[in-house]
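Architecture and fold: a report
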Amino acid sequence: MTQLSRLAILGCAPETVANTYASPTFYIPFTKADFEDVYTELKDESYRANDTMLQGMYQGPVHATWDISLLAYPDIIGHFLRGIIGPDTVTPGVSTTVATGGSSIGATTLPSNASIPALSYIQVGTGSSLEYAYVSAVSGSGPYSLTVTTVVGQTVGLTKAHSAAEPIVSASQHVFKQSSDPTTKKTYSFTIYDTTQTVSYSGAAMSDLAIKIDPKNATTFDVKYTTFPQVVQSKPTPTYTQLPPVLGWEWNMTNAGGSSSRGLTYDLTVKRAVDPIHSSDGIQAPREIFQGALEVDGTYKAIFENQTDLNLYLNYTQTPTTALLQQPASGTDGSGASLALTMSKSGYFKGKRDLASSYVQADFSLSGIYNSTDGGAVQATLTNFVSTAY
């Protein structure tokens, strides 16, 4: 019977032991998931006194490839940053509870049994009472009074009532930086229900991460992996993130030494060459999948209203470039999560004016250059409510 493709399930898990299958710990709400077991075709085209080229065909070594697209869900994307950039140094948020007295709908203060850093986002409540807010100020001591808003820069109170002892958690910060230590490389396992059977692919080594930022669209992640070939598994029961994705209009650009509202689109591509190594072990699958050095490139389209961006190219000025995506605290549009993509030494190697549209634009290409601040060519800082390292 013909199957509905939207019933497919894609689960994923970081592997505790490299190349050893791990059952799904999270599920990916994908918009595309192309995967293929790639066998090398070995041909026998020997001369055998007949009029045919192909005398035999045999199955050579095998590996698998994956190409996945998804929206940038803030609790999921850390796995992809970990897989391509490097280790995650996490600073967990403060975990406490609502103090005696609680709060009512519309309240702009929240009693807390522990102090929460001012100018941070919090998650308060559970289940039907769960919501997110921004802490603009903190006063008092034991209990503390948190001045909160659900719209940064405005006085907009909480949308739900909160009783004493409900949890309050401030956001955690994850900083992903490169490492030359091969033991820090992270591999993953995929489990896919393709609507006819469930198979797994272990040892997934990431080769490509393409992040697309456009104020008119949701931010997207496109990722590519090389893995070991499929193994049949039992069908999983998925649970999906309930958080809204990061949206393009939440983007703030910093380059040329200052904040810029000129940005129209920004695409960042992080790559590592991967090589499935087949060796003298007597099996078709790879011995290992080797992940090489990192390179990062970007394309940036901007309003051309002055020479600021163009001078980065003309003068080869290699200053920091940072794209910051900051969600609001609203539970509909965001959870206060943020993602900063930083090349502390960026080189603009193309710059072109574009007079084809109704207003003047410019197109730029740039690359990340090794620097001690990033410990490589790029670093990513993700703030969300995942308190453990990816």
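Everything here concerns the structure above.
Reference entry: report on the structure contained in this document. (Residues numbered from 1 in each chain as written. Predicted model: local features only at pLDDT ≥ 70, side-chain atom pairs only at ≥ 80, totals over all residues. Heavy atoms only, no water.)

**Brief notes about the layout of surface pockets**
Each pocket or cavity is described by its volume, and for the largest pocket that value is around 470 Å³. As for the largest pocket, its lining consists of 22 residues, of which Pro 182, Thr 183, Lys 185, Lys 186 and Ile 289 are closest to the centre. Of the residues belonging to the lining of the largest pocket, the class tally is 7 nonpolar, 9 polar and 6 charged. (1 Å grid on protein atoms, 1.4 Å probe; cavity = no way out; pocket = protein on both sides within 12 Å on 5 of 7 lines; lining within 4 Å. Points joined across faces, edges and corners; volume = space filled by probe spheres on them. Nonpolar A, V, L, I, M, F, W, Y, C, P; charged D, E, K, R; others polar.)

**Considerations on the nonpolar core**
Within the largest apolar cluster, 58 residues are counted, with the highest numbers of intra-cluster contacts made by Phe 190, Phe 221 and Tyr 266. At 7 residues, strand β14 (residues 198-213) tops the list of elements feeding residues into this core. Among the nonpolar cores identified, the runner-up in size contains 11 residues, and Leu 110, Ile 116, Ala 133 and Val 148 belong to it. (Core = buried A, V, L, I, M, F, W, Y, C linked by side-chain atoms within 4.5 Å. Buried < 20%, exposed > 50% of the residue type's maximum accessible area, 1.4 Å probe, protein only. Helix = DSSP H or I, 4+ residues; strand = E, 2+ residues; numbered from the N terminus.)

**Quick word on the sheet that holds strand β8 (residues 120-124)**
In spatial order, the strands read β6-β11-β8-β9-β10-β7; together these 6 strands make up an open sheet with antiparallel pairing. Looking at the sheet topology across the chains shown, the edges are occupied by β6 (95-97) and β7 (109-112). Strand-to-strand twist in this sheet, taken as the mean axis angle between neighbours without regard to direction, amounts to 40°. In the sheet, β6 pairs with strand β11 (residues 167-170) via 3 bridges, with the strands oriented antiparallel. Residue pairing for β11: Thr 97 is matched across the bridge by Pro 167. (Pairing = 2+ DSSP bridges. Axes fitted to C-alpha atoms, helices over the stretch in contact; angles between N-to-C directions.)

**A closer look at the packing of aromatic side chains**
For any pair of aromatic rings, the description rests on two quantities: the centre-to-centre distance and the angle between the ring planes. Here the structure, examined in full by the defined rule, presents 15 aromatic pairs. Ring plane angle 45° and centroid distance 5.4 Å describe the contact between Tyr 132 and Phe 385, whose orientation is recorded as tilted. Of this pair, Tyr 132 sits in strand β9 (residues 131-140) while Phe 385 sits in the segment after β25 (379-384), and the two are 253 residues apart along the sequence. Taken as a pair, Tyr 132 and Phe 385 share a single burial class, namely buried. Consider the rings of Tyr 266 and Tyr 300, whose centres lie 6.1 Å apart with planes at 80°: the pair is edge-to-face. (Phe/Tyr/Trp six-rings, centres within 6.5 Å; stacked < 30°, edge-to-face > 60°.)

**What about a nonpolar patch on the surface?**
Taken together, the side chains of Met 53, Leu 54 and Met 57 present a nonpolar region at the surface, about 330 Å² in accessible area. Within the secondary structure, Met 53 is located in the loop between β3 (30-44) and β4 (56-71). Met 53 sits in the exposed class, given a relative accessible area of 59%. (Patch = residues over 30% accessible without salt bridge, like charges linked within 9 Å, V, L, I, M, F, W, Y side chains within 5 Å. Areas by Shrake-Rupley, 256 points an atom, 1.4 Å probe, with all protein chains shown as cover. Salt bridge = Lys/Arg side-chain N within 4 Å of Asp/Glu carboxyl O.)

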